[in-house]
Amino acid sequence: MTGHDGDTERTFEALPPAHGRGFAQTWWGQAWLRALEDAALDSGQVKTGRRIARAGAVGAVSVRPGRITAVVQDRDRTAHRADVLLAELSAEQWDRLLDMAVERAGHVAALLDREMPPHLVEDAASEGIELLPGLGDLEPECGCGAWDHCGHTAALCYQVARLLDQDPFVLLLMRGRGEHALLEDLQDRSAAPVEEAPEPEGVDAAEAYAAGDILPPLPATAELPEKPGSPPSLDTEAPPGPGVDPVAVRHLAARTAVEAHRLLAEALRRPSERPAAVPGLTAAQDAVRLAVDAPDPALTERLADGSGRDPQSLADATHAWRLGGAEALAVLEEEWAPSGDTLARARAALDSAWDEDERPSLRAEGNRWTVVGAPAQVRLGRDGRWWPYRRERERWVLAGPAALDPATALSSAELSSAEPQR
């Protein structure tokens, strides 16, 4: 950002090209793009806008209440001023919104961490206040003369999605309030009424300070270990009790240490960096988690039998777990039929991910799209992400982590298919 005019305008420098990455990583950035993609009458213009934005042809973006503006260049270097309008909230709506935000301290804390708390959006919607744009809320104006979204206004929306990922206050400014004014208002509403201070209790501060040198210093805060610790050895002269398998107990202790290290690492991260909460695992899923790095073939065989898998399917499952945890495992083992809405979005993503002459021929089965005549496939997860797969010895194997768009996932699958099989 180069600066702001008071608190009512912010100007962001032009962003570099976005090769090999999606435009929205956060849920609110993706909601912004859905408002564009669902409302545009010409999906080809949306595709053109994404290509322009990916090439870095969107200039500095100016954000003001009710409007975003940028100069966008075509391939032939012709420049057009593009504007997208979004209705501001009324003073009465802002009052209700800020009162709700103050009632939940987590709302304010999340905003300060540059996050858009889902509960704030939901609470506002229940009161008839829409923070995120919906169908038809993003109104285009462009110097090229187009009456609907053109490639220039679509490119501006894609670029703003990247800005929203970094700072949700950009959206709040579009809705009518700048960051500084908003935070001051929240602080005023949060301030408790001044009351007469009660008589102090406890030790006089001067006395406590004078006695401080006789107290030991506080210990330094422990740092996160580089790796999980090793469990104590179970090798003793005493035989194990009935039904106790020392190898299994040792492995369970080691996996517990790994899980404890992961939980501690997550707790030390900023809230905005923490992954979404993982629901409870089934017994079959937990068997896969325990089979990761299992030290004994007999133990692996027991986990395969207990989870209803053969050794090969368990090996594929643990490979998926290493790449994406429970979500990757579900995509590996569960085939599902997308609903009409989800299927339409998936097909639109597939159609717009390639130019007409570059689009591969795909055969669809449920949530799986296979490249005709090639050992490559992409699978759609229930969270909207795409997972790359490659054909290996008559079975499909996960080829890499998930991507937000099918073209990136398919590229990973094709690159993996060209490598030696494991």
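Note: the structure precedes this text.
Residues numbered from 1 in each chain as written. Predicted model: local features only at pLDDT ≥ 70, side-chain atom pairs only at ≥ 80, totals over all residues. Heavy atoms only, no water.

Student: Before we move on, can you summarise empty space enclosed by the protein with the specific residues and values?
Tutor: Applying the stated criterion across every chain yields a total of one cavity of 30 Å³ or more. Every residue along the wall of the largest cavity is listed here: W94, L97, L98, A101, L111, L120, L131, L172, L182 and L186. If you list the elements that add at least two residues to the lining of the largest cavity, you get α3 (91–103) and α8 (179–190). For the lining of the largest cavity, the element with the highest residue contribution is α3, accounting for four residues. Split into classes, the residues belonging to the lining of the largest cavity amount to ten nonpolar, no polar and no charged. (1 Å grid on protein atoms, 1.4 Å probe; cavity = no way out; pocket = protein on both sides within 12 Å on 5 of 7 lines; lining within 4 Å. Points joined across faces, edges and corners; volume = space filled by probe spheres on them. Helix = DSSP H or I, 4+ residues; strand = E, 2+ residues; numbered from the N terminus. Nonpolar A, V, L, I, M, F, W, Y, C, P; charged D, E, K, R; others polar.)

Student: Residues and numbers for a nonpolar patch on the surface, please.
Tutor: A cluster of nonpolar side chains, namely L224, L264 and L268, defines an oily patch on the protein surface of about 260 Å² accessible area. Counting through the fold element by element, L268 comes out in helix α10 (residues 246–268). (Patch = residues over 30% accessible without salt bridge, like charges linked within 9 Å, V, L, I, M, F, W, Y side chains within 5 Å. Areas by Shrake-Rupley, 256 points an atom, 1.4 Å probe, with all protein chains shown as cover. Salt bridge = Lys/Arg side-chain N within 4 Å of Asp/Glu carboxyl O.)

Student: Explain the packing of helix α2 (residues 43–54) against helix α6 (residues 151–166) residue by residue, including any values.
Tutor: At a closest axis distance of 7 Å, the pairing of α2 and α6 adopts a crossing angle of 55°. In this view, α2 runs oblique relative to α6, as classed from their interaxial angle. With respect to the hand of their crossing, α2 and α6 are arranged in right-handed fashion. Touching Q45, V46, T48, G49, R50, I52 and A53 of α2 are G151, A154, A155, Y158 and Q159, all from α6. (Axes fitted to C-alpha atoms, helices over the stretch in contact; angles between N-to-C directions. Parallel < 35°, antiparallel > 145°, perpendicular 65-115°, else oblique. Left-handed = near helix turned anticlockwise from the far one by under 90°. Contact = heavy atoms within 4.5 Å.)

Student: Explain the environment of S62 to me, using residue names and the numbers behind them.
Tutor: Here S62 is to be found in strand β3 (residues 61–64). A C-alpha to C-alpha distance of 6.4 Å links S62 and F12, two positions 50 residues apart in sequence. For S62, the residues in contact, after removing those within four places along its chain, are E9, R10, T11, R67, I68 and T69. There is a polar contact of 2.9 Å between the side chain of S62 and the side chain of R64. (Polar contact = N/O pair within 3.5 Å; in protein donor to acceptor, adjacent residues only side chain to side chain.)

Student: Kindly report on the side chain of D185, identifying the contributing residues and their values.
Tutor: As for its placement among the helices and strands, D185 is situated in helix α8. Here the side chain of D185 touches R177 through a polar contact of 3.4 Å, side chain to side chain. D185 has contacts with L98 and R177, leaving out every residue within four places of it along the chain.

Student: Which residues make up the layout of surface pockets, and what values go with them?
Tutor: The calculated volume of the second largest pocket comes to roughly 160 Å³. Surrounding the second largest pocket, E327, A330, V331, E334, W336, N367, G381, R382, D383, R385 and W387 form its lining. Looking at which element gives the most residues to the lining of the second largest pocket, the answer is helix α13 (residues 311–333), with three residues. Residue classes in the lining of the second largest pocket are distributed as four nonpolar, two polar and five charged.

Student: Describe the pairing of strand β11 (residues 395–398), naming the residues involved and giving the relevant values.
Tutor: Both faces of β11 are covered, namely the face carrying R395 and V397 and the face carrying W396 and L398. In the sheet, strand β10 (residues 386–392) pairs with β11 via four bridges, with the strands oriented antiparallel. Following the sheet pairing, E392 is matched in β11 by R395. (Buried < 20%, exposed > 50% of the residue type's maximum accessible area, 1.4 Å probe, protein only. Pairing = 2+ DSSP bridges.)

Student: Please set out helix α5 (residues 118–126) residue by residue, giving values where relevant.
Tutor: Among all positions in α5, only L120, V121, D123 and A124 are buried. One side of α5 carries all its buried residues, which in axial view fall inside an arc of 165°. A positive phi of about 80° marks G128, the residue just after α5. (Arc of directions from axis to C-beta.)

Student: Which residues make up the pattern of salt bridges, and what are the values?
Tutor: By the definition in use, this model includes 19 salt bridges. The shortest N-O distance in the salt bridge between D83 and R81 comes to 2.8 Å. Classification of D83 as buried rests on a relative accessible area of 4%. When its relative accessible area of 46% is taken as the criterion, R81 is described as partly exposed. A salt bridge links D185 to R177, with the nearest nitrogen and oxygen atoms 3.4 Å apart. Where salt bridges share partners, they join D316, R390, E392, R393 and R395 into one cluster.

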